[in-house]
Amino acid sequence: MAAIKAVHVSDIPKLDHIPDSTTASTLYSTFFSSFTGNNSRTNKFHVIGHRGSGMNMLQSPDSRMKSIKENSIMSFNAASKFPIDFVEFDVQVTSDGCPVIFHDNFIVTRENGSIYEKRVTELTLAELLCYGPQRDVEKLGKPLLRKIKDGRIFNWNVEQDDSICTLQEAFQNVNTSLGFNIELKFDDHVVYQEEELTCVLQAILQVVAKYANERPIIFSTFQPDAAELINKLQNTYAVYFLTNGGCEVYSDVRRNSLEEAMKLCLRNGFQGIVSEVKGIFKNPGMVTKIKEANLSLLSYGQLK
């Protein structure tokens, strides 16, 4: 099996033409033949910019992890200058029904010397946009902090900052040649009812229907029920199921292995799987099975 390496967007070579060698061909055909939207499969090595030109890891010694604010118009357009096909970003819906682009489930802020967390989906759009850099340069936004998995909190300081944006603004202001991998973001610790999921997904689909035009779109999500619903609510764009391939264990068995991910995809007619790369290396035999099932397999993550 060919080696996989996670790279920063600035390290990406030109990948439109894969070298004619056994190793390159294996890497190409096994992992990265993927769907571009509008019901067509293409034999092309696809590269997707994670959260734009890269995620922010504020604790990282790599300065590029703190270069541009993730999930922002600035980050998406910066990524478009590299030879990539899509940018991936996380979409949630505010309490007043507006799809916004933001990764974390909670806004973390400082008020009167104390740290507060506020759930993104419980804020109105106007309330959410008060955090971080403001579009009106004369206004000062509320502090925007970042809480990482181990509980540490960092000032969300990056070299090039940008304001929180809506999904509509991304369609209107990002280079039209760039495809969008829209991750449907839900909280792992919340049990969602079908009515709630449907309401959220319909709000997102309304924006996509109005503003996507010819832009390639793929949907992805870790939430199995949301994946099934988005596939039923539309038949224009491909749906990918996100999984960490068994690197973590969840109460929902559909999330716990590549085998279960493949079953879910085949049962619902999804285009393929997006797996944590460590999950692929834990179970490399699944690569052949997924390929034989005529599913695409994309990867994300770091090997360290």
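Residue indices begin from 1 for each chain and proceed along its sequence in written order. Under the rules for a predicted model, residues below a pLDDT of 70 receive no local features and side-chain atom pairs below 80 are neither given nor counted, while totals for whole chains, interfaces and linings still include all residues. Side-chain measures here rest on the full set of heavy atoms in the structure, leaving out hydrogens and waters.

To continue, consider the pairing of strand 7 (residues 114–119). Strands are treated as partners if at least two bridges between them are detected by DSSP. For helices the rule is a DSSP run of H or I covering at least 4 residues; for strands it is a run of E covering at least 2, with both sets numbered from the N terminus onward. With six bridges connecting them, strand 6 (residues 106–111) and strand 7 associate as antiparallel partners. The residue of strand 7 that forms the bridge with Glu-111 is Ser-114. Linking strand 6 to strand 7, which pair antiparallel, is a turn of two residues; within it Asn-112 sits at a positive phi near 55 degrees.

With respect to the element layout, Lys-69 can be found in the loop between strand 3 (48–50) and helix 2 (73–79). Residue exposure (1.4 Å probe, protein chains only): buried if accessible area is under 20% of the type maximum, exposed if over 50%, otherwise partly exposed. Look at Lys-69 and you get buried, because its relative accessible area is 5%. In protein, a polar contact means a hydrogen-donor-capable atom and an acceptor-capable atom, both N or O and within 3.5 Å, with residues adjacent in sequence counting only if both atoms are side-chain atoms; elsewhere, any N or O pair within 3.5 Å suffices. In terms of polar contacts, Lys-69 uses its side chain to reach the side chain of Asp-161, at 2.7 Å. Should any heavy atoms of two residues lie within 4.5 Å, those residues are considered in contact. Filtering out sequence-adjacent residues up to four positions away, Lys-69 remains in contact with Asn-56, Ser-75, Pro-133, Leu-144, Trp-156, Val-158, Gln-160, Asp-161 and Asp-162.

Next up on the list: the packing of aromatic side chains. The rule is short: rings of Phe, Tyr and Trp, with Trp giving its six-membered ring, pair when the centres are within 6.5 Å, and they are stacked under 30 degrees, edge-to-face over 60, tilted in between. Applying the stated criterion across every chain yields a total of seven aromatic pairs. A centroid spacing of 5.1 Å and a plane angle of 40 degrees characterise the contact between Phe-76 and Phe-89, whose relative ring orientation is tilted. Of the two residues, Phe-76 sits in helix 2 while Phe-89 sits in strand 4 (residues 86–93), which places them 13 residues apart along the sequence. Take Phe-76 and Phe-89: they sit in the same class, and that class is buried. On the basis of an interplanar angle of 75 degrees and a centroid distance of 5.1 Å, the ring pair of Phe-186 and Tyr-192 is categorised as edge-to-face. The class of Tyr-192 is buried, set by a relative accessible area of 14%. Each residue in the set Phe-76, Phe-89, Phe-171 and Phe-180 is aromatic and connected to the rest through ring pairs, giving one cluster.

Axis angles are defined between N-to-C directions and span 0 to 180 degrees, where every axis is a line fitted to C-alpha atoms and, for a helix, only to the segment in contact. Remark: helix 7 (residues 258–268) packs on helix 9 (residues 285–292), axes separated minimally by 10 Å, with the N-to-C direction vectors making an angle of 5 degrees. Here helix 9 runs roughly parallel to helix 7, going by the angle between their axes. Contact residues: helix 7 offers Leu-258, Glu-259 and Met-262, while helix 9 offers Met-286, Lys-289 and Ile-290. Gly falls in the polar group here, along with every residue not listed as nonpolar (Ala, Val, Leu, Ile, Met, Phe, Trp, Tyr, Cys, Pro) or charged (Asp, Glu, Lys, Arg). Partitioned by chemical class, the residues of the contact of helix 7 with helix 9 number four nonpolar, no polar and two charged. Should an angle fall under 35 degrees it is called roughly parallel, over 145 degrees roughly antiparallel, and 65 to 115 degrees roughly perpendicular, with every other angle called oblique.

Let us now look at the confidence of the model for the protein. You can read pLDDT as the predictor saying how much it trusts each residue, on a scale of 0 to 100. Residues with a pLDDT of 70 or more make up 85% of the protein, whose mean pLDDT is 88. Confidence over residues 1–5 falls short of pLDDT 50; this stretch has 16 contacts with residues more than four positions distant or in other chains. In this model, residues 15–42 is a region of pLDDT below 50 whose contacts with residues beyond four sequence positions or in other chains number 71 contacts.

Let's shift gears to the pairing of strand 13 (residues 238–243). The buried count for strand 13 comes to six of six residues, which makes it a mostly enclosed element. The two faces of strand 13 match: Ala-238, Tyr-240 and Leu-242 on one face and Val-239, Phe-241 and Thr-243 on the other face are all buried. Alignment of strand 12 (residues 217–221) against strand 13, held across four bridges, turns out to be parallel. Pairing of Ser-220 across the sheet is with Tyr-240, part of strand 13. By convention a crossover is right-handed if, when the strands point away from the viewer, the path from the first strand over the helix to the second runs clockwise. After leaving strand 12, the chain enters helix 6 (residues 224–233) and then returns to the sheet as strand 13, a path that is right-handed.

In this model, Arg-51 sits at a positive phi of 60 degrees, which is unusual for a non-glycine residue. With respect to the secondary-structure elements, Arg-51 resides in the loop between strand 3 and helix 2. Taking relative accessible area as the criterion, Arg-51 reaches 6% and is therefore assigned buried. For Asn-294, which is not glycine, the phi torsion reads 65 degrees and is therefore positive.

Attention now moves to the environment of Cys-165. Position of Cys-165 relative to the elements: it lies in strand 10 (residues 165–166). In this structure Cys-165 touches Asn-71, Ser-72, Ile-73, Val-100, Ile-101 and Arg-135, once residues within four positions along its chain are discounted.

What follows concerns the nonpolar core. Side-chain atoms within 4.5 Å are what join buried Ala, Val, Leu, Ile, Met, Phe, Trp, Tyr and Cys residues into a set we call a nonpolar core. Of all hydrophobic cores here, the largest spans 53 residues; its most connected members are Ile-182 and Phe-219. Sorting elements by how many residues they give to this core places helix 5 (residues 194–211) first, with eight residues. Those residues within four positions of Phe-219 in sequence are excluded, and the remaining contacts are Asn-181, Ile-182, Leu-184, Ile-204, Leu-205, Val-208, Ile-230, Gln-234, Tyr-237, Ala-238, Val-239 and Tyr-240. One finds Val-100, Val-120, Leu-128 and Trp-156 within the second-largest nonpolar core, a separate group that totals 14 residues.

Time to look at the packing of helix 5 against helix 6. Each pair of packed helices can be described by the angle between their axes along with the distance between the axes. Axis separation between helix 5 and helix 6 bottoms out at 10 Å; the angle between their running directions is 50 degrees. Considering their axes alone, helix 5 and helix 6 lie oblique with respect to each other. Crossing of helix 5 over helix 6 shows right-handed handedness. Where helix 5 abuts helix 6, its residues Glu-194, Leu-197, Thr-198, Leu-201, Gln-202 and Leu-205 lie against Asp-225, Ala-226, Leu-229, Ile-230 and Leu-233. Looking at the contact of helix 5 with helix 6 residue by residue, the class counts come to seven nonpolar, two polar and two charged. Here a crossing is called left-handed whenever its near helix is offset anticlockwise from the far helix by less than a right angle, and right-handed whenever the offset is clockwise.

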